[in-house]
Amino acid sequence: HDGLPVEYDGIGTMSKSKLNGVDPQDMIDRFGADASRLFVMFASPPEQTIEWADTGVEGAHRFLKRLWTHAQKCADAVRGTGAGVAGTAFDASRADPAVRAARRELHLTLKQANYDYERIQYNTVVSAGMKMLNTLESVPPDVPEAAALAREGLSMLLRVLYPVVPHVTWVLWRDLGFAAAHGDLLDAPWPQVDPAALAQDEIELVLQVNGKLRGKVVVPAGADKDAIEAAARQAPEVIRLAAGAPVKKVIVVPGRLVNVVV
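These numbers come from a predicted model, not from an experiment.

Engineer: Even after reading the chapter, I still don't get the overall build of the protein chain, so can you show me in this structure?
Structural biologist: When helices and strands are tallied, the protein chain shows 11 helices and 4 strands. Considering the protein chain as a whole, with its 262 residues, one finds that 37% of them fall into the buried category. Considering only residue pairs separated by 6 or more positions, the protein chain has 63% of its internal contacts joining residues 24 or more positions apart.

Quick look at the structure:
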């Protein structure tokens, strides 16, 4: 301490002249190379600057610990299933509704991650990986086909995150039995979106009454205009707000909303 007043210029750019750089080796020693890489890629798109914060690296480290813990918890079930690495042997017809919904979410997220990789948007790729883990953690392990989902989902997640966190994902790929069955992670085929997984049995439409949002109406995915109108007329919100008055008009915007005028 030299006794001189401290001058603060606000948040600025790291530079040698300002002596305000952060030694990445310090972060690597504390949290590991993968956590440091994860934070840097998640914090901002590559063409933008970031505000460095050690707490961000700590958050990345916590996510990797969650990934490791979930993978080890599922390891026995994953190694014992017969689903292929690409998930082609997954029998969704026998799966619990929660499993089917989770599988759809996984493939939707994979589709977004593929798009983000193509446009070099690594921060949202990491977001996709986090979303995949959240989805896998939400499925009870004892429901039908939960083990097959865990195998397919973890194989997808590890491949999506491999370019970002190569050390953790390589070890988990090996520990879960994927390397023995399908070879090293470096040579594994990129996961493919299954169009069948994206199909829905039911869809939700926004429900409006006199132009104001009142809830949602759920109809079969193949419902035509007449079926959607009938479901909207019978919705509890419509019956309550109509108070016995006849419905004047039902306006259907396919795939989006239905507006009931009373």
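Engineer: Would you explain the pattern of salt bridges in this entry?
Structural biologist: Pairs can form between side chains of opposite charge whenever their charged atoms are close. Tallied over the full model, the rule gives 9 salt bridges. Note that Arg103 and Asp194 form a salt bridge whose closest N and O atoms lie 2.9 Å from each other. Pair noted here: Arg103 is in helix H4 (residues 97–118) and Asp194 is in the loop between helix H8 (178–182) and helix H9 (195–198), with a separation of 91 residues, a long-range link. By relative accessible area, Arg103 is classed as buried at 6%.

Engineer: Is there a simple way to explain the pairing of strand E4 (residues 257–261) in this structure?
Structural biologist: The side chains of a regular strand alternate, residue by residue, between the two faces of the sheet. The element E4 is largely enclosed, with a buried count of 4 among its 5 residues. As judged from the 4 bridges shared by strand E1 (residues 202–209) and E4, these two strands associate in the parallel manner. Opposite Gln208, over in E4, you have Asn259 as the bridge partner. With 5 bridges joining them, strand E3 (residues 249–253) and E4 adopt antiparallel strand pairing. Residue pairing in the sheet places Lys249 in a bridge with Val261 of E4. Where E3 folds back onto E4 in an antiparallel hairpin, the turn is made up of 3 residues, including Gly255, whose phi is positive at roughly 75°.

Engineer: Mind showing me how you'd approach the sheet that holds E3 here?
Structural biologist: Adjacent strands of a sheet pair through backbone hydrogen bonds, lying either parallel or antiparallel. Reading across the sheet, the 4 strands line up as E2-E1-E4-E3 and stay open at both edges, with mixed pairing between neighbours. Where the open sheet ends on each side, the last strands, each with one partner, are strand E2 (212–220) and E3. Put simply, the sheet's adjacent strands are angled 25° from each other on average, direction ignored. The sheet contacts of helix H10 (residues 225–233) involve E1, E2, E3 and E4, and relative to E3 the element is tilted by about 125°.

Engineer: Please explain the pairing of E2 as it appears in this structure.
Structural biologist: Bridging between E1 and E2 involves 8 bridges; their strand directions are antiparallel. Bridge pairing links Leu205 to Val217 in E2. The antiparallel pairing of E1 with E2 creates a hairpin that spans 2 residues between the two strands, and Asn210 there sits at a positive phi of about 55°.

Engineer: Which parts of the structure should I look at to understand unusual backbone geometry?
Structural biologist: What you tend to see is this: most non-glycine residues have negative phi, and most peptide bonds are trans. The backbone of Glu145 shows a phi angle near 70°, a positive value even though the residue is not glycine. Position of Glu145 among the secondary structure elements: in the loop between helix H5 (122–137) and helix H6 (146–161).

Engineer: Just to check I follow, could you spell out H5 for this structure?
Structural biologist: It helps to recall that an α-helix has 3.6 residues per turn; residues three or four apart then point in one direction. Along its 16 residues, H5 runs 23 Å from first to last C-alpha, staying within 8% of the 22 Å computed at 1.5 Å per residue. Three or more residues of H5 are buried, namely Asn123, Val125, Val126, Ala128, Gly129, Met132, Leu133, Thr135 and Leu136.

Engineer: Which parts of the structure should I look at to understand the side chain of Asp116?
Structural biologist: Within the secondary structure, Asp116 sits in helix H4. Classification of Asp116 by relative accessible area gives buried; the value is 1%. At 2.9 Å, the side chain of Asp116 forms a polar contact with the side chain of Arg119.

Engineer: What is the right way to read the packing of helix H2 (residues 33–43) against helix H7 (residues 166–175) from this model?
Structural biologist: Each pair of packed helices gets described by two things: the angle between the helix axes and the distance between those axes. As a packed pair, H2 and H7 sit with axes 7 Å apart at the nearest point and diverge in direction by 120°. Compared by their axis directions, H2 and H7 come out oblique. Contact residues: H2 offers Ala33, Asp34 and Arg37, while H7 offers Pro166, His167 and Val168. Across the contact of H2 with H7, the residue classes tally to 3 nonpolar, 1 polar and 2 charged.

Engineer: What is the right way to look at the nonpolar core in this model?
Structural biologist: Nonpolar side chains tend toward joint burial in soluble globular proteins. One finds Leu38, Leu157 and Leu176 to be the most contacted residues of the largest nonpolar core, which totals 49 residues. When contributions to this core are tallied by element, the ones reaching two or more residues are helix H1 (24–31), H2, helix H3 (54–80), H4, H5, H6 and H7. In contact with Leu176, other than residues within four places in its own chain, are Ala71, Ala75, Val78, Arg79, Arg151, Leu154 and Leu158. Core analysis: the second largest hydrophobic core is formed by 13 residues, Ala232, Ala235, Val252 and Val260 among them.

Parameters and conventions
Residues numbered from 1 in each chain as written. Predicted model: local features only at pLDDT ≥ 70, side-chain atom pairs only at ≥ 80, totals over all residues. Heavy atoms only, no water. Helix = DSSP H or I, 4+ residues; strand = E, 2+ residues; numbered from the N terminus. Buried < 20%, exposed > 50% of the residue type's maximum accessible area, 1.4 Å probe, protein only. Contact = heavy atoms within 4.5 Å. Salt bridge = Lys/Arg side-chain N within 4 Å of Asp/Glu carboxyl O. Pairing = 2+ DSSP bridges. Axes fitted to C-alpha atoms, helices over the stretch in contact; angles between N-to-C directions. Expected span 1.5 Å × (residues − 1). Polar contact = N/O pair within 3.5 Å; in protein donor to acceptor, adjacent residues only side chain to side chain. Parallel < 35°, antiparallel > 145°, perpendicular 65-115°, else oblique. Nonpolar A, V, L, I, M, F, W, Y, C, P; charged D, E, K, R; others polar. Core = buried A, V, L, I, M, F, W, Y, C linked by side-chain atoms within 4.5 Å.

Treat this as a map of the structure, not an account of what it does.
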